[in-house]
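Report on the structure
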Amino acid sequence: MEMIQQTPDLSAYLAADEVIDHHHPVVRKTAARLAADADDSYSYARLAFEFVRDTIPHSQDVGDPRVTWRASDVLEQGTGICYAKAHALAALLRAEDIPTALCYQKFDVVHGLVAVRFNGAWHRQDPRGNKPGVDARFSLDGERLAFEPDAESGELDYPVLYAEPHPVVLAALKAAPVRPYLWRTLPAAL
């Protein structure tokens, strides 16, 4: 699949905003802690990915009713669904000047992940969190995502790389007081 940048300006994929708030102290502190153990930007990206994947549980998997959407809130509260975890990973990566995009897949509902830019190419990564049947890994040598779409079932990879969360996704997250409500309002398509 050929990925398409929503905006050609690579600096957009380094920017901070209300959601990917990499200027926030909790994001900066987490990034600094991870960077202290990294030899280079690639190892930092892997450490940040594993941190979000493994230490921030997917709220559905653990029955957490809280809905987070801002990267700093995901890190502070230690919970989030796929979109929120993607926002947290994007913030951690952008905090260390690694261009990071948000991207999506369509299953029964839209699933969120990120793409990182290394060596002049984008590489999708899925920090959703592993569980039985899901084994996502950080990789620049072929994708190791949580899920692979089945085209015959109408599932697909959206090719667009977003600098900011898709408005439909963000609206659903912001409007949900608790995760069970969010589950009823998740977007089915972009």
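These lines cover the structure that appears in this document, whether it is placed above or below. (Residues numbered from 1 in each chain as written. Predicted model: local features only at pLDDT ≥ 70, side-chain atom pairs only at ≥ 80, totals over all residues. Heavy atoms only, no water.)

Turning to the nonpolar core, a few remarks are in order. Burial of nonpolar side chains together is a common tendency in soluble globular proteins. Judged by nonpolar contacts, the single largest core of 53 residues is most densely connected at Tyr44, Tyr83 and Leu92. Counting residues per element, the ones that place at least two in this core are α1 (25–35), α2 (41–55), α4 (71–77), α5 (82–95), β2 (100–106), β3 (110–118) and α6 (167–175). In terms of residue count, the dominant contributor to this core is α5 (eleven residues). Non-local contacts of Leu92, meaning those with residues more than four positions away in its chain, are made with Val27, Thr30, Ala31, Leu34, Tyr44, Ala48, Phe51, Val52 and Leu75. Tyr13, Leu113, Leu161 and Ala163 belong to the second largest nonpolar core, which has nine residues in total. (Core = buried A, V, L, I, M, F, W, Y, C linked by side-chain atoms within 4.5 Å. Buried < 20%, exposed > 50% of the residue type's maximum accessible area, 1.4 Å probe, protein only. Helix = DSSP H or I, 4+ residues; strand = E, 2+ residues; numbered from the N terminus. Contact = heavy atoms within 4.5 Å.)

Okay, the environment of Glu155 next. Relative to the elements of secondary structure, Glu155 occurs in the loop between β4 (121–125) and β5 (156–157). The class of Glu155 is partly exposed, set by a relative accessible area of 21%. Taking the C-alpha atoms as reference points, Glu155 and Gln105, separated by 50 residues in sequence, lie 7.6 Å from one another. In this view, Glu155 contacts Lys106, Phe107, Glu148, Pro149 and Asp150; residues no more than four positions away in its chain are not counted. A polar contact of 2.7 Å, which involves the side chain of Glu155, links it to the backbone nitrogen of Asp150. (Polar contact = N/O pair within 3.5 Å; in protein donor to acceptor, adjacent residues only side chain to side chain.)

Strand order across the open sheet formed by four strands is β4-β3-β2-β5, with antiparallel pairing between neighbours. In the strand order of this sheet, the two ends are held by β4 and β5, each with one partner. In this structure, β2 lies alongside β3, joined through seven bridges in antiparallel fashion. Paired with Ala101 across the strands is Ala115, a residue of β3. Relative to the sheet, α5 contacts β2 and β3, its axis offset from that of β3 by approximately 15°. (Pairing = 2+ DSSP bridges. Axes fitted to C-alpha atoms, helices over the stretch in contact; angles between N-to-C directions.)

What follows deals with the pattern of salt bridges. Tallied over the full model, the rule gives twelve salt bridges. Here Glu18 and Arg70 are joined by a salt bridge, their closest N and O atoms 3.7 Å apart. Residue Glu18 is found in the loop between β1 (4–5) and α1, and its partner Arg70 is found in the loop between α3 (59–62) and α4; the two are separated by 52 residues along the sequence. Among the residues examined, Arg70 registers a relative accessible area of 23% and is labelled partly exposed. Overlapping salt bridges bring together Glu18, Arg70, Asp73 and Lys174 as one network. (Salt bridge = Lys/Arg side-chain N within 4 Å of Asp/Glu carboxyl O.)

Attention now goes to α6. Turning to α6, its buried residues are Val169, Leu170, Ala172 and Leu173. Angular distribution of buried residues about the axis of α6 spans 160°; they occupy a single face of the element. In this structure, the buried side of α6 is in contact with α5, β2 and α7 (179–185). (Arc of directions from axis to C-beta.)

Our focus in this paragraph is the side chain of His123. Position of His123 among the secondary structure elements: in strand β4. The buried category is assigned to His123, whose relative accessible area is 16%. A distance of 3.4 Å separates the side chain of His123 from the backbone oxygen of Phe118, its partner in a polar contact. In this structure His123 touches Met3, Val114, Ala115, Val116, Phe118, Ser139 and Leu140, once residues within four positions along its chain are discounted.

The next point concerns the side chain of His166. Inspection of the secondary structure puts His166 in the loop between β6 (160–161) and α6. A residue is classified by how much of its surface remains accessible, and His166, at 12% relative accessible area, is buried.

Shape is all these values report; function is a separate question.
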